[in-house]
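Coordinate analysis (summary)
Residue strings, one per chain:
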Amino acid sequence: MGNSMGSWIIRWNFDKANYSPGERGLVSFWMENTGENPLYLSDLKLEFDFGTYNLESISGMVLPRENKFLGSIWLSFPKGVIGRKIYTLKYHIHEYIGNNWIDLGFYSSEKQYFISVYPTPLYKVFISRGLSIEDRVIGDQIAEMIREWGFETVTVGIEVKVPEEQAPIKVREEIKNSEAVIAIATPRHLDALTGLWRTLEWLHAEVGIAFGLDKPLLILKDKRVSLGGLPSYLTKLKQVPVIEFDPYNLDEVKTGLSSIMPAFREWIETKRRQEFFETLGKIVVGGLAVLGLITIISGIAGASSGSSKK
């Protein structure tokens, strides 16, 4: 990446294209002086939408026609920061003219740049949501927020299309093949008896399938909606987390996901580990290569405990 201003060019690069929340990244800087007088760079900053990094150690004088390496510095990305993060470069320049250092002032990059911060590994999650225009206006935005948290999303009727008569079988198949299910409960019809907004019937069915398959489950609910049925029962028993949102202020969803997604991903990972070792246990009980499998399990545990000490 580079930024050209007047008689100088500043270049920099990050050591990776993508980062995980909480990870450290190494960024390196160079400055090329294309003018006739020495330049001095100081007060370098990277201003992100989540905060500012003051890079005080990156500074120095660059002689005319010199392309100089200014240094590298490690940046730590907060655990709650995810997605495509926009930033700008700001710095202070002095120029040596007539035996004096002249203050040229502060400069900002003319362009906005970005880095990507996404959790790993990438999990497949089934999104239960409506397919109407009214539903997709909300659902598409929320699905993108979910993908920012390291998920591949699938919804029958959006990413996966089948004839209507095959939809029930395909829904169950996709839920079974997903790591988790996230339901977006948007209003579908107004209950004439109660005066409450109800959500789409498919959401109840897909939540039921997820519950039957013991999948990690999260419900995002329009605050106008009364869930009813199994989704309501599960949330009252606190077996399923719920994020309630205002459809006219979807920043509430982003804030809610930031607080719950680290634990939700841990729920998925814990369940995945349990299923893995349960499968190995069944093989052992079945009498297939018992001694060999016990050795393998011991080796896995040893590697895991060894890596945790680093």
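Residues numbered from 1 in each chain as written. Predicted model: local features only at pLDDT ≥ 70, side-chain atom pairs only at ≥ 80, totals over all residues. Heavy atoms only, no water.

What to know about the nonpolar core
- Among the nonpolar cores identified, the biggest contains 28 residues, and W12, F14, F29, M31, L46 and L55 are the most heavily contacted of them.
- At 5 residues, the largest contribution of residues to this core is made by strand 5 (residues 39-48).
- If near-sequence neighbours (up to four positions away) are discounted, L46 is found in contact with F14, F29, G51, T52, Y53, L55, L75, Y87, T88 and L89.
- If you look at the next biggest cluster of nonpolar residues, it comprises 24 residues, including I142, I184, V253 and I268. (Core = buried A, V, L, I, M, F, W, Y, C linked by side-chain atoms within 4.5 Å. Buried < 20%, exposed > 50% of the residue type's maximum accessible area, 1.4 Å probe, protein only. Helix = DSSP H or I, 4+ residues; strand = E, 2+ residues; numbered from the N terminus. Contact = heavy atoms within 4.5 Å.)

Some details on the packing of aromatic side chains
- According to the stated counting rule, one finds 17 aromatic pairs in the structure shown.
- Ring geometry for F14 and Y87: centres 5.9 Å apart, planes at 70 degrees, overall edge-to-face. Of the two residues, F14 is situated in strand 2 (residues 8-14) and Y87 in strand 9 (residues 83-97); the sequence distance between them amounts to 73 residues.
- With a relative accessible area of 9%, F14 lands in the buried category.
- With centroids separated by 6.2 Å and ring planes inclined at 85 degrees, the aromatic side chains of F50 and Y53 adopt a geometry described as edge-to-face. (Phe/Tyr/Trp six-rings, centres within 6.5 Å; stacked < 30°, edge-to-face > 60°.)

Thoughts on the sheet that holds strand 18 (residues 242-245)
- What the 5 strands build is an open sheet, ordered 13-12-14-17-18; its pairing is parallel. For this open sheet the edge positions go to strand 13 (151-154) and strand 18, each flanked by a neighbour on one side alone. For this sheet, the mean angle separating the axes of adjacent strands, direction not counted, is 25 degrees.
- Judged from the 4 bridges that link them, strand 12 (residues 123-128) and strand 14 (residues 180-185) form a sheet pairing that is parallel. (Pairing = 2+ DSSP bridges. Axes fitted to C-alpha atoms, helices over the stretch in contact; angles between N-to-C directions.)

A look at the packing of helix 2 (residues 167-176) against helix 3 (residues 201-212)
- Where helix 2 contacts helix 3, the axes come no closer than 10 Å and their chain directions differ by 45 degrees. The angle between helix 2 and helix 3 places the two elements in the oblique class. Considering how the two elements wind past one another, helix 2 and helix 3 form a crossing that is right-handed. Of the residues in helix 3, those touching helix 2 at A167, P168, V171, R172 and I175 are W202, E206, I209 and A210.
- Grouping the constituent residues of the contact of helix 2 with helix 3 by class yields 7 nonpolar, no polar and 2 charged. (Parallel < 35°, antiparallel > 145°, perpendicular 65-115°, else oblique. Left-handed = near helix turned anticlockwise from the far one by under 90°. Nonpolar A, V, L, I, M, F, W, Y, C, P; charged D, E, K, R; others polar.)

Some thoughts on the pairing of strand 17 (residues 217-222)
- Of all 6 residues in strand 17, 6 are buried; the element is thus mostly enclosed.
- By the alternation rule, side chains of strand 17 split into L217, I219 and K221 and L218, L220 and D222, which are all buried.
- Where strand 14 meets strand 17, 5 bridges bridge the pair, whose relative direction is parallel. From the neighbouring strand, V181 faces strand 17, where its bridge partner is L217.
- Judged from the 4 bridges that link them, strand 17 and strand 18 form a sheet pairing that is parallel.

Concerning the confidence of the model for the protein chain
- For the protein chain, per-residue confidence averages 85 on the pLDDT scale, and 87% of positions sit at 70 or higher.
- Mean pLDDT across the secondary structure elements of the protein chain bottoms out at helix 6 (residues 290-308), with 36, and peaks at strand 7 (residues 60-62), with 97.
- Within the model, the stretch residues 286-310 combines pLDDT values under 50 with 10 contacts to residues more than four positions away or in other chains. (pLDDT = per-residue confidence, 0-100.)

Comments concerning the packing of helix 3 against helix 4 (residues 229-236)
- Viewed as axis vectors pointing N to C, helix 3 and helix 4 meet at an angle of 55 degrees, and their least axial separation amounts to 8 Å. By the angle class used here, helix 3 and helix 4 are oblique. Residues L203, H204, V207, G208 and F211 of helix 3 form the contact with helix 4, whose participating residues are G229, L230, P231 and L234.
- Residue classes in the contact of helix 3 with helix 4 are distributed as 6 nonpolar, 3 polar and no charged.

Concerning a nonpolar patch on the surface
- Side chains of Y40, M61, L63 and W101 sit close together on the surface and give an oily, nonpolar patch of about 360 Å² of accessible area.
- As for its placement among the helices and strands, L63 is situated in the loop between strand 7 and strand 8 (67-76).
- According to the relative accessible area criterion, L63 is partly exposed, its value standing at 42%. (Patch = residues over 30% accessible without salt bridge, like charges linked within 9 Å, V, L, I, M, F, W, Y side chains within 5 Å. Areas by Shrake-Rupley, 256 points an atom, 1.4 Å probe, with all protein chains shown as cover. Salt bridge = Lys/Arg side-chain N within 4 Å of Asp/Glu carboxyl O.)

Quick word on the pattern of salt bridges
- Within the structure shown, the criterion is met by 17 salt bridges.
- The salt bridge involving E174 is made with K170; its shortest N-O contact spans 3.5 Å. Of this pair, E174 and K170 both sit in helix 2, 4 residues apart, which is roughly one turn of the helix.
- Taken together, the salt bridges that share partners define one network made up of K124, K170, E173 and E174.

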